[in-house]
Amino acid sequence: MHTLSVRIKQGNPKSAFNKDRIQASYLAFASLLIANAFPSFVAQAHAVTSFERLSSLLAATPEGGWVKASTNFYSDAWPTGADRVQLASVQFPGAIVRAWSSFAWDPSDGKLMLWGGGHANYAGNEMYVWDGATGNWGRGSLPSKTDLDGMIIGGTAPQSAHTYDNNLYLPVNDMFLTFGGAAIRTGGNFQTMDGTTLRRAGPYLWDPVKADPNKVGGSNDSGWNPDNAAQNGNMWLDRHDHWTGSEAPGYINGTTAYATENGQDVVYLTADRQASGFPSLYRYTLGDVRNGGQDKWEHIGVSINTLGSKSTATIDTEHNLYIQTALVRESYTSDLTIWDLDKANAADPHSNPGIGINLVKQDGSEFVMTGNYGVDYDKINNQILLWDGNGGGGTVWSTVVITDEAGDIGSNTTWTVFEHGSSTLSHPHGSFTTGVLGKWHYDGSLGAFIALDELASAGGGAWDASVWLYKPTTVVPEPETYALMLAGLGLIGWVARRRSHKDRRHDHN
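Since the structure is predicted, the reported quantities are computational estimates derived from the model, not experimental observations.

Engineer: Sorry if this is basic, but what is going on with the overall build of the protein chain here?
Structural biologist: Scanning the protein chain for helices and strands turns up 5 helices and 36 strands. For the protein chain, the accessible area works out to roughly 20,100 Å², and carbon and sulfur atoms hold 51% of it.

Laid out in structure tokens, this is it:
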């Protein structure tokens, strides 16, 4: 018999962090007041940083509330005229947001990098950068010209692709990373021409230091404007074969989460063969890219009794768990799949199968996971937050990891989720066509979440994809209270959605 517990960090680290965050927010707010009163003086001193601006917005926002952080329209940054994609059926940049997409968040500069498009939706491979210091959408590069098959002319930049939850920022290398997913035309992995041979390409890195709205991203690519041949920005790096180990088979419905380990950028990811729904877990360690370092692939876990599709993931750093939203279908009724990263085993990945987790609401009724949710880990309050992209767009759900006294999940596979309606009248409109996926990221310095709203018409030919901040509540259940609640209510949810624990042994990887 296991004793239920909730391992929540207590005491000084959390309170000290919150104190520092509050002080920083007040300083940021004060700096903006001074800036409004003495603009010329402040301009000589320094420009308002992203942290200062976003902290001031959060300081005026109640817990459990939202505040819009973007100030212009996403479409303000789109390429225009002859610089835009000229293929009629796949020339709408709004598809980058709408079509199975994700963004990367750079917390050091407070910048959001959005890249995507892809299969049967949009052929443009330009980068968009949203700047938290100004609130403005901008463009990091122009789209590369493609042939009718969607191949990049020049071949030194990636094809546009659905990115699912496959875009990240790498702070050690200071690079954007994309694994892609469903590339334009083919609907599969990145490809490029190697001489006269078509080969697999990627993953790709993009260098934000080289961002330029008037250059194409590759080193040998053409732009779409024949009268103004765009300069090459040399922004993209193809990492194909710059590694040891075996690459994951494919990235459709893929999920990712970032960690820094031994001073290196490490990406944990789930990847699948032919979208079977039973992804494996991989670890991808990047070398010192700018100095010729090599990467490393490791296969460290498998799926057996849970499904994954239109999923998203995070790492609970308190318990060192990879947490992926699951697909509820037929006898597969888990809401989350958990891998213990302490048990990662590259020598025998089958020894580390994902664990299915059932979620129940406070009243014991079932919570059914769908592809509409984004997920990330709030490390300050040691809680997992799910953003419901539908239902009005303002609702967030929270849960915490339940372990036994040994710190293992063990048989504690029913967790309670708490609903948090928006405490502010304003919030994202949501109603995502393809789900939130990778458009929900936590920033530990801000102690808040960055969210990208669904694409919406703003009238007059303008399109908006608003950037929002969400300020989580700092009140989480005490361990004893939570354990008692699970003991009394978790059983109800368990009976309502009793799991079949048959060993299905589906490993399609």
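Engineer: When you look at the nonpolar core in this model, what are you seeing that I'm missing?
Structural biologist: One recurring pattern in soluble globular proteins: nonpolar side chains tend to sit buried together. Counting residues in hydrophobic clusters, the biggest one holds 32 residues, and the most contacted among them are Tyr74, Leu112, Leu114 and Trp137. Every element with two or more residues in this core is listed here: helix 3 (50-59), helix 4 (95-98), strand 3 (103-106), strand 4 (111-114), strand 5 (128-131), strand 33 (448-452) and strand 36 (467-471). Look past the residues within four positions of Trp137 in its chain and what remains in contact with it is Asn72, Phe73, Tyr74, Ala77, Leu112, Leu114, Tyr128, Val129, Trp130, Leu452, Ala465 and Val467. Of all hydrophobic cores here, the second largest spans 20 residues; its members include Leu359, Ile384, Leu386 and Val417.

Engineer: Help me out: how do you make sense of the sheet that holds strand 13 (residues 204-206) in this one?
Structural biologist: Strands in a sheet are paired, the pairing made by backbone hydrogen bonds, and the direction either parallel or antiparallel. On the basis of which strands lie adjacent, the open sheet formed by 4 strands has the order 8-9-13-16 and antiparallel pairing. Of all the strands in the sheet, just strand 8 (167-170) and strand 16 (236-238) have a single pairing partner and so form its edges. Neighbour-to-neighbour, the strand axes of the sheet open up by a mean angle of 25 degrees, direction not taken into account. Bridge count for strand 8 against strand 9 (residues 175-178) is 4 bridges, and the pairing is antiparallel. Its bridge partner being in strand 9, Asn167 is matched across the sheet by Thr178.

Engineer: Explanation requested: the pattern of salt bridges in the structure shown.
Structural biologist: Between side chains of opposite charge, pairing is possible as soon as their charged atoms come close. Scanning the model with the defined rule gives 9 salt bridges in all. Residue Asp194 pairs with Arg199 through a salt bridge whose shortest N-O separation is 3.6 Å. On the basis of relative accessibility, which here comes to 27%, the residue Arg199 falls in the partly exposed class. Close ionic contact of Asp295 with Arg239 constitutes a salt bridge, the shortest N to O distance being 3.0 Å. Highlighted residues: Asp295 in strand 21 (residues 295-301) and Arg239 in the loop between strand 16 and strand 17 (243-244), separated in sequence by 56 residues. Each of Asp194, Arg199 and Asp238 takes part in one network of salt bridges that share partners.

Engineer: Please clarify how the side chain of Asp272 should be interpreted in this entry.
Structural biologist: Tracing the backbone through its elements, the reader meets Asp272 in the loop between strand 19 (264-271) and strand 20 (280-285). Of the side chains with opposite charge, Arg273 lies nearest to the buried Asp272, which makes no salt bridge, at 7.2 Å. Looking at Asp272, its side chain comes within polar contact range of the side chain of Ser276, at 2.7 Å.

Engineer: What am I meant to see in the pairing of strand 28 (residues 396-399) here?
Structural biologist: Successive side chains on a regular strand alternate, one facing one side of the sheet and the next facing the other. By the alternation rule, side chains of strand 28 split into Val396 and Ser398 and Trp397 and Thr399, which are all buried. Two strands pair when backbone bridges link them, and strand 28 and strand 31 (residues 418-420) are joined in this way by 3 bridges, in the antiparallel orientation. Residue pairing across strands places Trp397 opposite Glu419, the latter belonging to strand 31.

Engineer: Would you mind showing me how to read the sheet that holds strand 2 (residues 65-68) here?
Structural biologist: Pairing is antiparallel across the open sheet formed by 4 strands, whose spatial order is 2-36-33-32. Lying at the two open borders of the sheet, with one neighbouring strand each, are strand 2 and strand 32 (440-443). Between one strand axis and the next, the sheet turns by 25 degrees as a mean value, whatever way the strands run. Of the pairings in the sheet, the one linking strand 2 to strand 36 comprises 4 bridges and is antiparallel in character. Of the residues in strand 36, the one forming a bridge with Lys68 is Trp468. Relative to strand 36, helix 3 is tilted by about 55 degrees, and along the sheet it contacts strand 2, strand 33 and strand 36.

Engineer: For this particular structure, what's the right way to read the pairing of strand 11 (residues 191-194)?
Structural biologist: With 4 bridges joining them, strand 11 and strand 12 (residues 197-200) adopt antiparallel strand pairing. Opposite Asp194, over in strand 12, you have Thr197 as the bridge partner. Between the antiparallel neighbours strand 11 and strand 12 lie 2 residues, among them Gly195 with a positive phi of about 70 degrees.

Engineer: Teacher, can you tell me more about helix 3 here?
Structural biologist: Structurally, the α-helix is built with 3.6 residues per turn, so residues lying three or four positions apart point the same way. With 7 of its 10 residues buried, helix 3 lies for the most part within the structure. For helix 3, the complete set of buried residues consists of Ser50, Glu52, Arg53, Leu54, Ser55, Ser56 and Leu58.

Engineer: Whenever I open this one, the packing of aromatic side chains confuses me. Can you help?
Structural biologist: A ring pair, where both rings are aromatic, is described by two values, the distance of the centres and the angle of the planes. Evaluation of the coordinates by the stated rule reveals 30 aromatic pairs. Aromatic pair Trp66 and Tyr470: ring centres 4.9 Å apart, planes at 55 degrees, arrangement tilted. Pair noted here: Trp66 is in strand 2 and Tyr470 is in strand 36, with a separation of 404 residues, a long-range link. Classification of Trp66 by relative accessible area gives buried; the value is 3%.

Engineer: I keep staring at the environment of Leu57 and nothing clicks. Help me out?
Structural biologist: Tracing the backbone through its elements, the reader meets Leu57 in helix 3. Overall, Leu57 belongs to the partly exposed group, its relative accessible area being 22%. In this structure the C-alpha to C-alpha distance between Leu57 and Val67, which are 10 residues apart in sequence, comes to 6.9 Å. Residues in contact with Leu57, not counting those within four places in the same chain, are Val67, Lys68, Ala69 and Leu469.

Quick notes on the rules
Residues numbered from 1 in each chain as written. Predicted model: local features only at pLDDT ≥ 70, side-chain atom pairs only at ≥ 80, totals over all residues. Heavy atoms only, no water. Helix = DSSP H or I, 4+ residues; strand = E, 2+ residues; numbered from the N terminus. Areas by Shrake-Rupley, 256 points an atom, 1.4 Å probe, with all protein chains shown as cover. Core = buried A, V, L, I, M, F, W, Y, C linked by side-chain atoms within 4.5 Å. Buried < 20%, exposed > 50% of the residue type's maximum accessible area, 1.4 Å probe, protein only. Contact = heavy atoms within 4.5 Å. Pairing = 2+ DSSP bridges. Axes fitted to C-alpha atoms, helices over the stretch in contact; angles between N-to-C directions. Salt bridge = Lys/Arg side-chain N within 4 Å of Asp/Glu carboxyl O. Lys, Arg positive; Asp, Glu negative; His and termini not counted. Polar contact = N/O pair within 3.5 Å; in protein donor to acceptor, adjacent residues only side chain to side chain. Phe/Tyr/Trp six-rings, centres within 6.5 Å; stacked < 30°, edge-to-face > 60°.

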